[in-house]
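Below are the chains, spelled out letter by letter.
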Amino acid sequence: MNRQKDGNLEKPKSMTRPKVWTEAVEEAYRFQLAGYRDELEYKSIKSVAEVDRWPHNGYVKKLQRRDGCFYYYNKNRECSDKDVHRTKMYAY
């Protein structure tokens, strides 16, 4: 899942907005709330191998924002129905 191109992070080919909540939408929502496009961009900028996740469901547990502060997420769903359409889903 390493989408590198000439040492730079590959840009997405398209972007869509979801209509219903899924686990993929939840994942994207958590990264975008912290200021990143997706997990690939986070790993590239922060130079980390793995993201902290909740062991029972695999949701993102903690992310470091670009300013150095941390976002801590709950074990349960955080993306409410009103925020689903605001999330961006990128395709590579």
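Read on for a plain summary of the structure. Here the structure is a predicted model, which means the values were calculated and not measured.

1. A short note on the sheet that holds strand 5 (residues 60–64)
Point 1. Sheet architecture is open: three strands sit in the order 4-5-6, paired in antiparallel fashion. One side of each edge strand has no neighbouring strand; the edge strands of this open sheet are strand 4 (52–53) and strand 6 (70–72).
Point 2. Pairing geometry for strand 4 and strand 5, over two bridges, is antiparallel. Bridge pairing links arginine 53 to valine 60 in strand 5.
Point 3. Packed on one face of the sheet, helix 1 (residues 23–33) meets strand 4, strand 5 and strand 6 and runs near 25° to strand 5.

2. Here we look at unusual backbone geometry
Point 1. Positive phi is not limited to glycine here, since serine 47 has a value of about 55°.
Point 2. In this structure, serine 47 sits in the loop between helix 2 (39–46) and strand 4.

3. So, the nonpolar core
Point 1. If you look at the biggest cluster of nonpolar residues, it comprises eight residues: Phe31, Ala34, Tyr36, Tyr42, Val51, Val60, Leu63 and Tyr73.
Point 2. Once residues within four sequence positions are removed from consideration, phenylalanine 31 is found in contact with Tyr36, Asp38, Glu39, Tyr42, Val51, Arg53, Val60 and Leu63.

About the cut-offs
- Residues numbered from 1 in each chain as written.
- Predicted model: local features only at pLDDT ≥ 70, side-chain atom pairs only at ≥ 80, totals over all residues.
- Heavy atoms only, no water.
- Pairing = 2+ DSSP bridges.
- Helix = DSSP H or I, 4+ residues; strand = E, 2+ residues; numbered from the N terminus.
- Contact = heavy atoms within 4.5 Å.
- Axes fitted to C-alpha atoms, helices over the stretch in contact; angles between N-to-C directions.
- Core = buried A, V, L, I, M, F, W, Y, C linked by side-chain atoms within 4.5 Å.
- Buried < 20%, exposed > 50% of the residue type's maximum accessible area, 1.4 Å probe, protein only.

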